[in-house]
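# Architecture at a glance
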Amino acid sequence: MSKDSIWLLSTMQTSLKAPDRYTVTDDGSTDRACGNGKHKRTFSAHMKVPASPNAHTALILDAGHVSGSLSSRGYGLDTEAGKVRKSDNKYVEAVFNKKAHTRITVTLTADGTPTLNYVLTGTTDCL
């Protein structure tokens, strides 16, 4: 996983008061072919975080931390991935760091339980 992803996961774990550490589901250690002899890396992790009594408000506030947290590390909203998408039970935000050639997408989902599902996925450009 990228150091920015690990930093973001640790930061969000603290700020969202997640009771358990995140689980890495793809550590980004494998090159994946993407044509013309180029390769990229993907990574992902998830964790469950406590939801506030109003899950919709929690989704907006919690996911809003993502772009704010990563902006100082060179990330901005990823216009190629589309604008921030939100609904009553899901909030998706994608950011991109041009210098690091890395995209990070964070998805927060409320599924009617007292927890939110927090999923971080990332990919590098084909290099």
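Refer to the preceding data block for the structure.
Here's a quick rundown of the structure. (Residues numbered from 1 in each chain as written. Predicted model: local features only at pLDDT ≥ 70, side-chain atom pairs only at ≥ 80, totals over all residues. Heavy atoms only, no water.)

## Remarks on the packing of aromatic side chains
Tallied over the entire structure, the rule returns 0 aromatic pairs. The lysine or arginine in question, R73, covers the ring of W7, its NZ or CZ lying 4.3 Å from the ring centre. It is R103 that lies over the ring of F96; its NZ or CZ is 4.1 Å from the centre. (Phe/Tyr/Trp six-rings, centres within 6.5 Å; stacked < 30°, edge-to-face > 60°. Lys NZ or Arg CZ within 6 Å of the ring centre and 35° of its normal.)

## A word on the nonpolar core
With 20 residues, the main nonpolar core has L8, M47, I104 and Y118 as its most contacted residues. Looking at this core, the elements with two or more residues in it are α1 (3–15), β4 (42–50), α2 (55–71), β8 (102–110) and β9 (115–124). I104 has contacts with S5, L8, F43, L70, Y75, E93, A94, V95, L120, T121 and G122, leaving out every residue within four places of it along the chain. (Core = buried A, V, L, I, M, F, W, Y, C linked by side-chain atoms within 4.5 Å. Buried < 20%, exposed > 50% of the residue type's maximum accessible area, 1.4 Å probe, protein only. Helix = DSSP H or I, 4+ residues; strand = E, 2+ residues; numbered from the N terminus. Contact = heavy atoms within 4.5 Å.)

## Considering unusual backbone geometry
One non-glycine residue, N36, adopts positive backbone phi at about 55°. When you line up the elements, N36 lands in the loop between β2 (32–33) and β3 (39–40). The phi torsion at H101 lies on the positive side, around 55°, for a residue other than glycine. With respect to the secondary-structure elements, H101 resides in the loop between β7 (90–97) and β8. A relative accessible area of 31% means that H101 is categorised as partly exposed.

## Focus: α1
Owing to its 3.6 residues per turn, the α-helix aligns residues three or four sequence positions apart on the same side. Between its first and last C-alpha, α1 extends 18 Å over 13 residues, near the 18 Å set by a 1.5 Å rise per residue. Every buried residue of α1 is accounted for by D4, S5, L8, L9, M12 and Q13. Down the axis, α1 shows its buried residues gathered within 165° of arc, on one side only. More than 90 degrees from the buried face of α1, the exposed residues found are K3 and T14. (Expected span 1.5 Å × (residues − 1). Arc of directions from axis to C-beta.)

## Some words on the environment of A18
Inspection of the secondary structure assignment puts A18 in the loop between α1 and β1 (23–26). Overall, the relative accessible area of 12% leaves A18 in the buried class. When neighbours within four sequence positions are excluded, A18 is seen to be in contact with Q13, M47, K48, V49 and P50.

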